[in-house]
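# Summary of structural features
Take a look at the letters that make up each chain.
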Amino acid sequence: MTDEEKKLERQQEKEEQREKRRQERQKIASLHGKKRLQYLWDYYKVWLVFLAIAIVAVNIAVTIVKGLMTKTLLQVSALSADYNAAGDQMQKDFSSYIGGLKKHEALSFDLSIDLHPGAVTQAEQVADVKLQVQVSSGTLDVVLVPDYAFSYIQQRGMLMSLDDVLSPDEIETYGKAGDLAYASAPDLQALSEQDASEAGTLDPEGESTVRTITTLSSLQNQTEPGTEAAEAEAKTAANTEAESDSGMAAPAKSESLPETDTGTEASSGQAAEIHSTPSEGEQIYGIRVDDSGVLSDYAWYPINQKVYFGIVSNARHEDMALTYLHYLKGADNK
């Protein structure tokens, strides 16, 4: 075959390809709605799948890079707060309080967990599991907790004792104001044993339990030391719907924080009532902040709702958590 013949053959192939593409465009243009989508899927599904994979891969890569570049200074979860309230405004104000954020620094304020211990709803199960995941994975530093939920999370080992975190002057000042929340340390061994005995019995089909365990197991390697209790509890968090007798906190009925449904015992076997003055062996786990005048400005909670500040047991930013406490209490800590 001569060079001229080869050239003519290549030109003919190009013409055939152009004609084929033209006919393909006409075919697609003549179809509408579901027929067009079905046609594209039938003839281009391999490329569409590759395109989708590429898009997802790029998004994941961008997220990872941003995560590596971003330093989160504080992560706060306001439990059962008004989801429609402005969380961004407090973030801006607290950012100004600490002197502003540098490039790649960030603050996180989450109002999405609506926790109501004892409520037999799917939404409550989801809220409980989400909180367990955040605590277990070490992605949470501070919680703001309504009084009716404080005993529940404290007795499940989610909160850090503040006896050695607060200064003596702070303990004296907050104590005189009646803002300290004292409680006995949770019995983590009893809690773990209870969870083990309940696993698979409160959820006959085992589906929600398996999903929860699988989710939290994937985060196990990311947890900080000292979070075994939170991980053990998280295994049965999805069983909350059936736990009517396991000692969850009920809404407050008096000036002190609420007792559990049994009135005397928490799920771990410890006394659940939180006191503003200490009994023997009790420690500080929370500080009342709703009456400080700062939190109320953001309308996160009803005016008559008692709200307590607590530091999560495996918080990564303890110093900034204390700075946030001083901000809420109105202290000049700039």
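None of these values were measured; they are calculated from a predicted model. (Residues numbered from 1 in each chain as written. Predicted model: local features only at pLDDT ≥ 70, side-chain atom pairs only at ≥ 80, totals over all residues. Heavy atoms only, no water.)

Per the secondary structure count, the protein includes 10 helices and 6 strands. Among the 334 residues that make up the protein, the fraction classed as buried is 43%. A separation threshold of at least 6 residues defines the contact pool for the protein, and within that pool the share at least 24 residues apart is 75%. Counting only carbon and sulfur atoms, one obtains 53% of the accessible surface of the protein, whose full area is about 18,500 Å². (Helix = DSSP H or I, 4+ residues; strand = E, 2+ residues; numbered from the N terminus. Buried < 20%, exposed > 50% of the residue type's maximum accessible area, 1.4 Å probe, protein only. Contact = heavy atoms within 4.5 Å. Areas by Shrake-Rupley, 256 points an atom, 1.4 Å probe, with all protein chains shown as cover.)

Turning our attention to the nonpolar core. Core analysis: the largest hydrophobic core is formed by 40 residues, its most contacted members being Leu-144, Trp-300 and Tyr-324. When residues of this core are traced back to their parent elements, those giving at least two are β1 (71-78), α3 (87-97), β2 (105-110), β3 (142-146), β4 (180-183), β5 (283-288), β6 (307-311) and α10 (318-329). If you tally residues by element for this core, the top one is α10, at 7 residues. In terms of nonpolar packing, the next biggest core, distinct from the first, is built from 22 residues, Ala-127, Tyr-152, Tyr-285 and Val-312 among them. (Core = buried A, V, L, I, M, F, W, Y, C linked by side-chain atoms within 4.5 Å.)

The buried fraction of β5 is high, at 5 of 6 residues. Two strands pair when backbone bridges link them, and β4 and β5 are joined in this way by 4 bridges, in the antiparallel orientation. When the bridges of β5 are listed, Ala-183 appears paired with Gln-283. Where β5 meets β6, 2 bridges bridge the pair, whose relative direction is antiparallel. Within β6, the position partnered with Arg-288 by the bridge is Tyr-308. (Pairing = 2+ DSSP bridges.)

Turning next to the pattern of salt bridges. A complete count under the given rule lists 6 salt bridges for this structure. Asp-290 is the salt-bridge partner of Arg-288, the closest N and O atoms lying 2.9 Å from each other. Residue Asp-290 is classed as buried on the basis of its relative accessible area of 14%. Here the residues in one salt-bridge network are Arg-288, Asp-290 and Asp-291, joined through shared partners. (Salt bridge = Lys/Arg side-chain N within 4 Å of Asp/Glu carboxyl O.)

Looking now at unusual backbone geometry. Most peptide bonds take the trans configuration, and most residues that are not glycine carry a negative phi. With phi around 55°, Ser-80 is a residue other than glycine that occupies positive phi space. Inspection of the secondary structure assignment puts Ser-80 in the loop between β1 and α3. Of the residues examined, Ser-80 reaches a relative accessible area of 11% and is grouped as buried. A positive phi angle, near 55°, is found at Ala-299, a position not held by glycine. Looking at the element boundaries, Ala-299 is found in the loop between β5 and β6.

Let's shift gears to the sheet that holds β1. The 6 strands lie next to each other as β2-β1-β3-β6-β5-β4, forming an open sheet whose pairing is mixed. The open sheet is flanked by β2 and β4, the only strands paired with a single partner. Within the sheet, the average angular offset between the axes of one strand and its neighbour, ignoring direction, is 25°. Sitting on the sheet, helix α5 (residues 147-155) is in contact with β3, β4, β5 and β6, with an inclination near 130° to β3. On top of the sheet, α10 reaches β1, β2, β3, β5 and β6; it is set at about 160° to β6, its chief contact. (Axes fitted to C-alpha atoms, helices over the stretch in contact; angles between N-to-C directions.)

As a further point, take the environment of Ser-161. Relative to the elements of secondary structure, Ser-161 occurs in the loop between α5 and α6 (168-176). In the structure, Ser-161 is positioned 151 residues away from Val-312 in sequence and 9.2 Å away in space, judged by C-alpha atoms. Separated by 3.0 Å, the side chains of Ser-161 and Asp-163 make a polar contact. A polar atom in the side chain of Ser-161 sits 2.7 Å from the side chain of Gln-283. (Polar contact = N/O pair within 3.5 Å; in protein donor to acceptor, adjacent residues only side chain to side chain.)

On the surface, Trp-47, Val-49, Phe-50 and Ile-53 cluster together into a nonpolar patch covering about 470 Å² of accessible area. Residue placement: Val-49 occurs in helix α2 (residues 33-69). (Patch = residues over 30% accessible without salt bridge, like charges linked within 9 Å, V, L, I, M, F, W, Y side chains within 5 Å.)

Once that is clear, we can look at the confidence of the model for the protein. This prediction gives the protein a mean pLDDT of 73; 68% of its residues lie at or above 70. Of all the helices and strands in the protein, helix α8 (residues 207-217) carries the lowest mean pLDDT, 42, while β6 carries the highest, 95. (pLDDT = per-residue confidence, 0-100.)

Turning next to the side chain of Ser-95. Inspection of the secondary structure assignment puts Ser-95 in helix α3. Exposure remark for Ser-95: the relative accessible area of 12% places this residue in the buried category. Not counting chain neighbours up to four residues away, the residues in contact with Ser-95 comprise Gly-100, Leu-101 and Leu-107.

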